[in-house]
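Breakdown of the fold
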Amino acid sequence: MKVLVIGAGNMGLTYAEGMASSPILNRRKLMVYDVSPDKIISLKEMEIFDVHEKLEDALPTADVIFLAVKPFHSDELFERMKPMMNDEQIAVSLMAGVTIETIQEGLGIKKVIRTMPNLPAQVGKGVTSFTESKEVSRVELLMIRNLLDTTGESIHVENQNYIDASTGISGSGPAYVFYFMNSMLEAAKKMGFSDNDSRVLVSKTFEGAVELFNRNDLSPTLWMDRVASKGGTTRAALDSMDDNNVKELIKEAAYAAFNRAVELGEGE
Ligand SMILES: NC(=O)c1ccc[n+]([C@@H]2O[C@H](COP(=O)([O-])OP(=O)(O)OC[C@H]3O[C@@H](n4cnc5c(N)ncnc54)[C@H](OP(=O)(O)O)[C@@H]3O)[C@@H](O)[C@H]2O)c1
């Protein structure tokens, strides 16, 4: 199997590096192509990929093609790719809001896998949801899942609605966590902590809470009860959040991202 990653930006490079660090693919089997001459130079310096400056040299020999350009570049890219594609090739899209049907039509192929990755893939802790067109076989799907798992974990979903939904949870989700962290950092600094101490206090609090959460099946509500005692400090904070409807506002935010993903898919 030969894999080609098109677009070596944040996501494309992350997936290429993940695949390169796994035993699944050797250097000759992992090709990378990007339009930017500067990127080509730095990719070559990394010496871990088969780097291509010309799409014509790489695309016809690829079995699996990762599409990692920004969605607004997809039309011009598809136009260039289409004459070089064949029916057996599998396209794996990392692009937000570009539907399987659009990719099938744009590339003139049937086998398409659409994914929703997230940024922690950069540290091997990503979560990628994915779904496929009916022409992709179970064996092919398993093979692609193994590739996706080189950046963390993957979740197979039934249809594209769940891809849009996971945009609202895991795709955009890291930004919600950073938003929460930023608020806590601002509060810590206002209370008089130095920048560095604020950073340690907030970062370790998130890291420790997630580790506890992953240790067993306890729900977040039960964990909250373990921290909060009646009339105590944590209860005061949680009551303040409830009084301000924070829970509903966070759910609304996740739905805003979900709805935007649907809109983008409809070509808005
Ligand atoms: N970043 C995230 O957290 C995230 C999360 C989920 C999904 N995604 C999806 O991942 C995709 C890539 O996002 P990104 O943040 O990695 O973008 P990015 O950093 O801008 O990377 C895209 C790369 O593709 C290159 N490119 C543009 N047109 C090309 C073409 N026709 N052929 C080959 N290469 C081309 C770009 O070069 P230039 O810079 O010269 O244009 C750039 O190097 C997007 O579709 C996005 O929806 C991203």
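Quick summary incoming for the structure in this document. All of these numbers come straight from a predicted model, not from anything done at the bench.

1. Thoughts on the overall build of the protein chain
Check the secondary structure of the protein chain and you find 12 helices and eight strands. Each principal axis of the C-alpha distribution contributes one length, and for the protein chain these read about 70 × 40 × 35 Å. Taking all contacts inside the protein chain whose residues are at least 6 apart in sequence as the whole, residues at least 24 apart take part in 61%. By element, 55% of the accessible surface of the protein chain is carried by carbon and sulfur atoms, the whole surface being about 15,800 Å². Put simply, the protein chain has 28 plus and 39 minus side-chain charges, and the middle of one group is 4 Å from the middle of the other.

2. Let's talk about the packing of aromatic side chains
A ring pair, where both rings are aromatic, is described by two values, the distance of the centres and the angle of the planes. On inspection of all chains with the given rule, the structure shows three aromatic pairs. A centroid spacing of 5.9 Å and a plane angle of 80 degrees characterise the contact between F180 and F206, whose relative ring orientation is edge-to-face. Of this pair, F180 sits in helix α8 (residues 173–190) while F206 sits in helix α9 (residues 195–215), and the two are 26 residues apart along the sequence. Given a relative accessible area of 35%, F180 falls into the partly exposed group. On the numbers, 5.9 Å between centres and 45 degrees between planes, the contact of Y255 with F258 is tilted. You can see Y255 and its partner F258 sitting in helix α12 (residues 246–265), three residues apart, about one turn around the helix. Overall, F258 belongs to the buried group, its relative accessible area being 16%. The positively charged end of R226 is found above the aromatic ring belonging to W223, 5.2 Å away from the centroid.

3. A closer look at the side chain of N118
Here N118 shows up in the loop between β6 (112–116) and β7 (126–132). At 3.1 Å, the side chain of N118 forms a polar contact with the backbone oxygen of S170. Setting aside anything within four residues of it in sequence, one finds N118 in contact with M11, G126, V127, S170, G171 and P174.

4. Quick word on the packing of helix α7 (residues 160–171) against α8
Between α7 and α8, whose axes approach to 5 Å, the crossing angle comes to 30 degrees. Here α8 runs roughly parallel to α7, going by the angle between their axes. Contact with α7, carried on its side by T167, G168, I169, S170 and G171, involves G173, P174 and Y176 of α8 and no other residues of that element. Grouping the constituent residues of the contact of α7 with α8 by class yields three nonpolar, five polar and no charged.

5. A look at the pairing of β6
Of all five residues in β6, five are buried; the element is thus mostly enclosed. Of the two faces of β6, both are covered, the one formed by V112, R114 and M116 as well as the one formed by I113 and T115. Two elements, strand β5 (residues 90–93) and β6, share three bridges in a ladder whose sense is parallel. In the strand pairing of β6, S93 is matched with R114. For the segment spanning β5, helix α5 (residues 100–107) and β6, crossover handedness is right-handed.

6. Some remarks on the site of the ligand
Around the ligand sit 22 residues in total, of which M11, D34, K39, V69 and A96 are the nearest. V69 is positioned with one of its backbone polar atoms (N or O) 2.7 Å from an oxygen atom of the ligand. For the ligand, whose free accessible area comes to 900 Å², the fraction covered by protein is 80%. When atom positions are compared with the pocket grids, the ligand is found to occupy the second largest pocket. Taken together, the residues of the shell around the ligand sort by class into 14 nonpolar, five polar and three charged.

7. A closer look at the packing of α8 against α9
Axis separation between α8 and α9 bottoms out at 9 Å; the angle between their running directions is 140 degrees. Relative to α9, the element α8 lies oblique. The handedness of the crossing between α8 and α9 is right-handed. Between α8, through V177, F180, M181, M184, L185, A188 and K189, and α9, the contact on the second element is made entirely by D195, S198, R199, V202, S203 and F206. Its residues assigned to classes, the contact of α8 with α9 comprises eight nonpolar, two polar and three charged.

8. Some remarks on the nonpolar core
Counting residues in each nonpolar core, the largest one holds 28 residues, and the members touching the most others are M19 and F66. Those elements that provide at least two residues to this core are β1 (3–6), α1 (10–20), β2 (30–33), α2 (37–46), β4 (64–67), β5 and α6 (138–148). Excluding its chain neighbours within four sequence positions, the residues that come into contact with F66 are V3, L4, V5, I6, Y15, M19, V92, L94, L147 and L148. Formed by 24 residues, the second largest nonpolar core is a distinct cluster that contains L67, M95, V98 and I109.

Cut-offs used in this document
- Residues numbered from 1 in each chain as written.
- Predicted model: local features only at pLDDT ≥ 70, side-chain atom pairs only at ≥ 80, totals over all residues.
- Heavy atoms only, no water.
- Helix = DSSP H or I, 4+ residues; strand = E, 2+ residues; numbered from the N terminus.
- Contact = heavy atoms within 4.5 Å.
- Areas by Shrake-Rupley, 256 points an atom, 1.4 Å probe, with all protein chains shown as cover.
- Lys, Arg positive; Asp, Glu negative; His and termini not counted.
- Charge placed at Lys NZ, Arg CZ, Asp CG, Glu CD.
- Phe/Tyr/Trp six-rings, centres within 6.5 Å; stacked < 30°, edge-to-face > 60°.
- Buried < 20%, exposed > 50% of the residue type's maximum accessible area, 1.4 Å probe, protein only.
- Lys NZ or Arg CZ within 6 Å of the ring centre and 35° of its normal.
- Polar contact = N/O pair within 3.5 Å; in protein donor to acceptor, adjacent residues only side chain to side chain.
- Axes fitted to C-alpha atoms, helices over the stretch in contact; angles between N-to-C directions.
- Parallel < 35°, antiparallel > 145°, perpendicular 65-115°, else oblique.
- Nonpolar A, V, L, I, M, F, W, Y, C, P; charged D, E, K, R; others polar.
- Pairing = 2+ DSSP bridges.
- Right-handed = clockwise from strand over helix to strand, strands pointing away.
- Near = heavy atom within 4 Å.
- 1 Å grid on protein atoms, 1.4 Å probe; cavity = no way out; pocket = protein on both sides within 12 Å on 5 of 7 lines; lining within 4 Å.
- Sits in = over half its atoms within 2 Å of the grid points.
- Left-handed = near helix turned anticlockwise from the far one by under 90°.
- Core = buried A, V, L, I, M, F, W, Y, C linked by side-chain atoms within 4.5 Å.

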